[in-house]
Amino acid sequence: RIVCLARPLLAPRAAHVVARRGFASSARERAKAAAAAELKAKNERMLLYGASLAISTLALCYASVPLYKVFCQATGFGGTTKRADPEEAAALLVPAE
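Residues numbered from 1 in each chain as written. Predicted model: local features only at pLDDT ≥ 70, side-chain atom pairs only at ≥ 80, totals over all residues. Heavy atoms only, no water.

Student: I tried to follow the overall build of the chain on my own but got confused; where do I start?
Tutor: Each helix and strand in the chain was counted, giving four helices and zero strands. Across the 97 residues that make up the chain, the buried fraction comes to 2%. When the accessible surface of the chain is split by element, carbon and sulfur atoms take 65% of a total near 9500 Å². (Helix = DSSP H or I, 4+ residues; strand = E, 2+ residues; numbered from the N terminus. Buried < 20%, exposed > 50% of the residue type's maximum accessible area, 1.4 Å probe, protein only. Areas by Shrake-Rupley, 256 points an atom, 1.4 Å probe, with all protein chains shown as cover.)

What follows is the structure in structure tokens.
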């Protein structure tokens with residue numbers, strides 16, 4: 001049986017330096033890199049969601065006054081008067097039987 005004594009003689013610090021230089025890559029480092037990439041993707045997605053929410057809110061605020069004016073003109077709500085059609089008014093004034 002052959003026993004390799006070189007591995008235990010390496011200092012932990014020396015092994016870490018070898019791994020940092022790219023000569024060896026551990027599963028832990030690959031997992032950390034994958035987790036960092038996933039976190040970056042999630043952060044970018046949240047940035048897009050936040051930006052779209054802010055833009056949508058600004059657009060709604062910008063369009064709310066004209067939309068409210070159209071709503072009030074169509075329904076007579078909010079003090080905006082509607083002009084009645086004379087034929088419709090005559091049809092409403094038919095005596096009840």
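Following the structure, the description resumes.
Student: For this particular structure, what's the right way to read a nonpolar patch on the surface?
Tutor: Nonpolar side chains collect at one region of the surface, where Tyr68, Phe71 and Phe77 lie side by side and expose about 340 Å² of accessible area between them. Structurally, Phe71 is set in helix α3 (residues 27–75). (Patch = residues over 30% accessible without salt bridge, like charges linked within 9 Å, V, L, I, M, F, W, Y side chains within 5 Å. Salt bridge = Lys/Arg side-chain N within 4 Å of Asp/Glu carboxyl O.)

Student: How should the pattern of salt bridges be read in this particular structure?
Tutor: For side chains bearing opposite charge, pairing can occur when the charged atoms are close. Within the structure shown, the criterion is met by one salt bridge. Measuring nitrogen to oxygen at the nearest pair gives 3.6 Å for the salt bridge that ties Glu38 to Lys42. A residue pair is termed a helical-turn pair when its members lie 3 or 4 positions apart in one helix, as Glu38 and Lys42 do in helix α3 at four residues.

Student: I tried to follow the confidence of the model for the chain on my own but got confused; where do I start?
Tutor: Low pLDDT marks stretches whose predicted atomic positions should not be read closely. For the chain, per-residue confidence averages 78 on the pLDDT scale, and residues scoring 70 or more make up 70% of the total. Here helix α2 (residues 12–20) stands out as the least confident element of the chain, with mean pLDDT 50; α3 is the most confident, with 92. (pLDDT = per-residue confidence, 0-100.)

Student: I'm lost on the environment of Ser64 in this one. Help?
Tutor: One can find Ser64 in helix α3. Here Cys61 takes part through its backbone oxygen, which lies 3.0 Å from a polar atom of the side chain of Ser64. (Polar contact = N/O pair within 3.5 Å; in protein donor to acceptor, adjacent residues only side chain to side chain.)

Student: How should I be thinking about α3 in this particular structure?
Tutor: The α-helix advances 3.6 residues per turn, and as a result positions three or four apart in sequence lie on the same side. Between its first and last C-alpha atoms α3 spans 67 Å; for 49 residues at 1.5 Å apiece the expected length is 72 Å, and the two agree. The sharpest bend along α3 comes to roughly 40°, located at Ser64, with the proline Pro66 sitting one to four residues further on. Gly76 occupies a position one or two residues after α3 and carries a positive phi of about 80°. (Expected span 1.5 Å × (residues − 1). Bend = angle between axes of the 7 residues up to and from the residue.)

Student: Whenever I open this one, the environment of Arg83 confuses me. Can you help?
Tutor: Structurally, Arg83 can be placed in the loop between α3 and α4 (86–92). Classification of Arg83 as exposed rests on a relative accessible area of 82%.

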